[in-house]
Amino acid sequence: MWFDSWSDLGRVVAVGATAYVALVVVLRLAGKRTLAKLNAFDLVVTVALGSTLATILLSTDVSWAEGVTAFALLAALQLAVSWTTSRAPGGRAAVTAHPTVIVRDGVLDERAMRAQRLTVGEVRQALRSSGVGGLDLVSRVVLESDGTLSVIQTSSVGDGWALGEG
């Protein structure tokens, strides 16, 4: 349908504006971690918040109060998981993937690439994005827990602390 009624449009505007404000308040109370791109669980929470907002806006079966309760629940669950992963032994491993070394001292680890379903082209793109022209300049390429590729040039290794070696 192209148009049902002006009252339906008014509902979307009124509920949408107040739901948006409620989402901003919940996110401010929950803190920066709620929308951080740190791991797969953080992504799921971000997508769920967006889906909840869309449902509040477009579904007359979901009240504003139910939607705001869902926002608060998702933020509370995110806080609980982040607290657990930062304090409980093994908590992080239950929610977050470990980083994987893809290139070590300029050599591609083809087994790691296959296991992580990465292509040579994706590694090349990561090098180019980092301003690196060749593997001979690379100490490590790491597939991070959030899915990004980090490139550490040989000249930037330092004491290796960021690589877990120092």
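It should be emphasised that the depicted structure is a prediction, and the values quoted were computed from it without experimental measurement.

Caption draft 1: Spatial organisation of the overall build of the protein chain. Regarding its fold elements, the protein chain presents six helices and four strands. Counted from the first residue to the last, the protein chain has its helices and strands arranged as α-α-α-α-β-β-α-α-β-β. On C-alpha atoms alone, the protein chain measures out to a radius of gyration of 22 Å, which is more than a quarter above the 15 Å that the 2.2 N^0.38 rule sets for 166 residues. Principal-axis analysis of the C-alpha atoms places the extent of the protein chain at approximately 65 × 40 × 25 Å. The buried share among the 166 residues of the protein chain stands at 28%. Counted over contacts in the protein chain with a minimum sequence separation of 6, partners at least 24 positions apart contribute 51%. For the protein chain, the exposed surface amounts to about 10800 Å²; the carbon and sulfur share of it is 62%. Charged side chains of the protein chain number 14 positive and 14 negative; the gap between the two group centres comes to 5 Å.

Caption draft 2: Just the confidence of the model for the protein chain, in detail. When pLDDT is averaged across the protein chain, the result is 88; 98% of the residues are at 70 or more. Across the protein chain, strand E2 (residues 107-108) holds the top mean pLDDT of 96, while helix H4 (residues 91-95) sits lowest at 70.

Caption draft 3: Highlighting the environment of Gly106. With respect to the helices and strands, the residue Gly106 is situated in the loop between strand E1 (100-104) and E2. Separated by 35 residues in sequence, Gly106 and Val141 have C-alpha atoms that sit 8.8 Å apart. When near neighbours in sequence (up to four residues on either side) are disregarded, Gly106 contacts Leu135, Val138 and Ser139.

Caption draft 4: Region of interest: the side chain of Thr100. Its place among the elements puts Thr100 in strand E1. Its relative accessible area of 18% is what places Thr100 among the buried residues. Each residue touching Thr100, except ones within four places of it in the same chain, is listed here: Ala112, Gln116, Val141, Val142 and Leu143.

Caption draft 5: Inspection of the packing of helix H2 (residues 40-58) against helix H3 (residues 64-87) at higher detail. With their axes 9 Å apart at the nearest point, H2 and H3 run at an angle of 175° to one another. In terms of their interaxial angle, H2 and H3 are classed as roughly antiparallel. Residues Phe41, Asp42, Val45, Ala48, Leu49, Thr52, Leu53 and Ile56 of H2 touch H3, and the partners they reach there are Gly67, Val68, Ala70, Phe71, Leu74, Leu77, Gln78 and Val81. Looking at the contact of H2 with H3 residue by residue, the class counts come to twelve nonpolar, three polar and one charged.

Caption draft 6: Broad picture of the sheet that holds strand E4 (residues 149-153). Within the open sheet, the four strands sit side by side as E2-E1-E3-E4. Their pairing is antiparallel. On the outer flanks of this sheet lie E2 and E4, each paired with one strand and no other. Pairing of strand E3 (residues 138-143) with E4, which is carried by five bridges, proceeds in the antiparallel orientation. The partner of Val138 across the bridge, within E4, is Gln153.

Caption draft 7: Structural detail: the environment of Val132. With respect to the helices and strands, the residue Val132 is situated in the loop between helix H6 (120-129) and E3. Along the primary structure Val132 and Ser63 are separated by 69 residues, whereas in three dimensions their C-alpha atoms are 52 Å apart.

Caption draft 8: Spatial organisation of unusual backbone geometry. One non-glycine residue, Asp105, adopts positive backbone phi at about 50°. Counting through the fold element by element, Asp105 comes out in the loop between E1 and E2. Classification of Asp105 by relative accessible area gives exposed; the value is 56%. Even without a glycine there, the phi angle at Arg117 is positive, about 60°. Summarising the element assignment, Arg117 is placed in the loop between helix H5 (110-116) and H6. In this structure Arg117 comes out as exposed when scored by relative accessible area, which is 72%.

What counts and how
Residues numbered from 1 in each chain as written. Predicted model: local features only at pLDDT ≥ 70, side-chain atom pairs only at ≥ 80, totals over all residues. Heavy atoms only, no water. Helix = DSSP H or I, 4+ residues; strand = E, 2+ residues; numbered from the N terminus. Rg over C-alpha atoms; globule rule 2.2 N^0.38 Å. Buried < 20%, exposed > 50% of the residue type's maximum accessible area, 1.4 Å probe, protein only. Contact = heavy atoms within 4.5 Å. Areas by Shrake-Rupley, 256 points an atom, 1.4 Å probe, with all protein chains shown as cover. Lys, Arg positive; Asp, Glu negative; His and termini not counted. Charge placed at Lys NZ, Arg CZ, Asp CG, Glu CD. pLDDT = per-residue confidence, 0-100. Axes fitted to C-alpha atoms, helices over the stretch in contact; angles between N-to-C directions. Parallel < 35°, antiparallel > 145°, perpendicular 65-115°, else oblique. Nonpolar A, V, L, I, M, F, W, Y, C, P; charged D, E, K, R; others polar. Pairing = 2+ DSSP bridges.

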